[in-house]
Amino acid sequence: MHANSLYQEVILDHNRKPRNYGKLDHASHQAVGHNPLCGDRLDITLQLENEQINNIAFQGESCAICKASASMMTAAVKGKSRLDAETLIHEFRDLATGKLDINLPHHLGRLTVFSGIRDLPTRVKCAILPWHTLHAALNSISSASTEADNDPAQAVSSK
Ligand code: ZN
């Protein structure tokens, strides 16, 4: 399948049937993410036990790209260790901003459908917001904004 039609197929699928949509009642970590550029708002709750993400959910009002990215993010990090999740956060950010060499080993799997997003500068933040918000939640920072800095992960960790 052509890369672009696969991308559209994945975005549509995750918007029709978002994975892990909702809010956990007994979350150990949570954060709210905001992308003022597009108006995306996300609420991420997760259950971290022994440094492992046992459960994760997201909800919010966002565009299709942000929603699909959030849905795929929750599916990708559920059951993973905090460290593996942080690796994915960095790899996805590098992918979306065009810094990742997709031919080198990485852990993104199907998330590489977002590789074309680097050519759409206004949508890069939509795709990154869920990952940015996950990073904030894992580091017990209650809110994250894509407008904080050019480098979302650095922006939240430097606060
Ligand atoms: Zn958006």
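Residues numbered from 1 in each chain as written. Predicted model: local features only at pLDDT ≥ 70, side-chain atom pairs only at ≥ 80, totals over all residues. Heavy atoms only, no water.

Draft legend 1. Inspection of the pairing of strand S1 (residues 29-35) at higher detail. Going residue by residue along S1, you find His 29, Ala 31, Gly 33 and Asn 35 tucked away on one face and Gln 30, Val 32 and His 34 left uncovered on the opposite face. Where S1 and strand S2 (residues 40-49) come together, seven bridges link them in antiparallel fashion. Within the sheet, the bridge partner assigned to His 29 lies in S2 and is Leu 46. Counting the residues between successive antiparallel strands, the hairpin from S1 to S2 contains four residues, one of them, Gly 39, with a positive phi of roughly 95 degrees. Note: S1 against strand S4 (residues 143-145), three bridges, orientation parallel. Directly across from Gly 33, in S4, lies its bridge partner Ala 144. (Buried < 20%, exposed > 50% of the residue type's maximum accessible area, 1.4 Å probe, protein only. Helix = DSSP H or I, 4+ residues; strand = E, 2+ residues; numbered from the N terminus. Pairing = 2+ DSSP bridges.)

Draft legend 2. Spotlight on the packing of helix H2 (residues 64-77) against helix H4 (residues 121-138). Packing of H2 against H4 leaves a shortest axis separation of 8 Å and a crossing angle of 35 degrees. Relative to H4, H2 is oriented so that their crossing is right-handed. Between H2 and H4, the contacting residues are Ile 65, Cys 66, Ser 69, Ala 70, Met 73, Ala 76 and Val 77 on the first element and Arg 123, Cys 126, Ala 127, Leu 129, Pro 130, Trp 131 and Leu 134 on the second. Residues belonging to the contact of H2 with H4 are distributed by class as follows: twelve nonpolar, one polar and one charged. (Axes fitted to C-alpha atoms, helices over the stretch in contact; angles between N-to-C directions. Left-handed = near helix turned anticlockwise from the far one by under 90°. Contact = heavy atoms within 4.5 Å. Nonpolar A, V, L, I, M, F, W, Y, C, P; charged D, E, K, R; others polar.)

Draft legend 3. Seen up close, the environment of Arg 93. One can find Arg 93 in helix H3 (residues 82-96). The sequence separation of Arg 93 and Lys 125 amounts to 32 residues, and the corresponding C-alpha distance is 9.4 Å.

Draft legend 4. Up close: the pattern of salt bridges. Counted according to the given criterion, the structure contains six salt bridges. A salt bridge links Arg 82 to Glu 51, with the nearest nitrogen and oxygen atoms 2.8 Å apart. Of the two residues, Arg 82 is situated in helix H3 and Glu 51 in the loop between S2 and strand S3 (52-61); the sequence distance between them amounts to 31 residues. It is possible to trace a salt-bridge network through shared partners that takes in Asp 13, Lys 17 and Arg 19. (Salt bridge = Lys/Arg side-chain N within 4 Å of Asp/Glu carboxyl O.)

Draft legend 5. Layout of the coordination of the zinc ion. All of the protein donors around the zinc ion are Cys 38 (SG), Asp 40 (OD), Asp 40 (OD), Cys 63 (SG) and Cys 126 (SG); their distances to the metal are 2.2 to 2.6 Å. Along the chain, the residues donating to the zinc ion are arranged with the sequence spacing C-x1-D-x22-C-x62-C. Placement of Cys 63 in the loop between S3 and H2 and of Cys 126 in helix H4 is noted, with a sequence separation of 63 residues between them. Looking at Cys 63, the relative accessible area reads 15%, which means it is buried. A relative accessible area of 0% means that Cys 126 is categorised as buried. (Donors = N, O, S within 2.8 Å, 3.2 Å for Na, K, Ca; no water.)

Draft legend 6. A look at the sheet that holds S1. Strand order in the open sheet formed by four strands is S3-S2-S1-S4, with mixed pairing between adjacent strands. Among the strands making up the open sheet, the edge pair consists of S3 and S4. On average, each strand axis in the sheet is inclined to that of its neighbour by 20 degrees, with strand direction left out of account.

Draft legend 7. Examining the packing of H3 against H4 more closely. Where H3 contacts H4, the two axes come as close as 10 Å, and the packing angle between them is 160 degrees. Here H4 runs roughly antiparallel to H3, going by the angle between their axes. Between H3 and H4 lies a crossing of left-handed hand. Judged by residue contacts, Arg 82, Ala 85, Glu 86, Leu 88, Ile 89, Phe 92, Arg 93 and Ala 96 of H3 engage Val 124, Ala 127, Ile 128, Trp 131, Leu 134, His 135 and Leu 138 from H4. (Parallel < 35°, antiparallel > 145°, perpendicular 65-115°, else oblique.)

Draft legend 8. Examining the nonpolar core more closely. If you look at the biggest cluster of nonpolar residues, it comprises 44 residues, and the most contacted ones within it are Ile 65, Val 77, Phe 92, Phe 114 and Trp 131. When residues of this core are traced back to their parent elements, those giving at least two are helix H1 (3-16), S2, S3, H2, H3 and H4. At ten residues, the largest contribution of residues to this core is made by H4. Once residues within four sequence positions are removed from consideration, Phe 92 is found in contact with Ser 69, Leu 108, Leu 111, Phe 114, Ala 127, Ile 128 and Trp 131. (Core = buried A, V, L, I, M, F, W, Y, C linked by side-chain atoms within 4.5 Å.)

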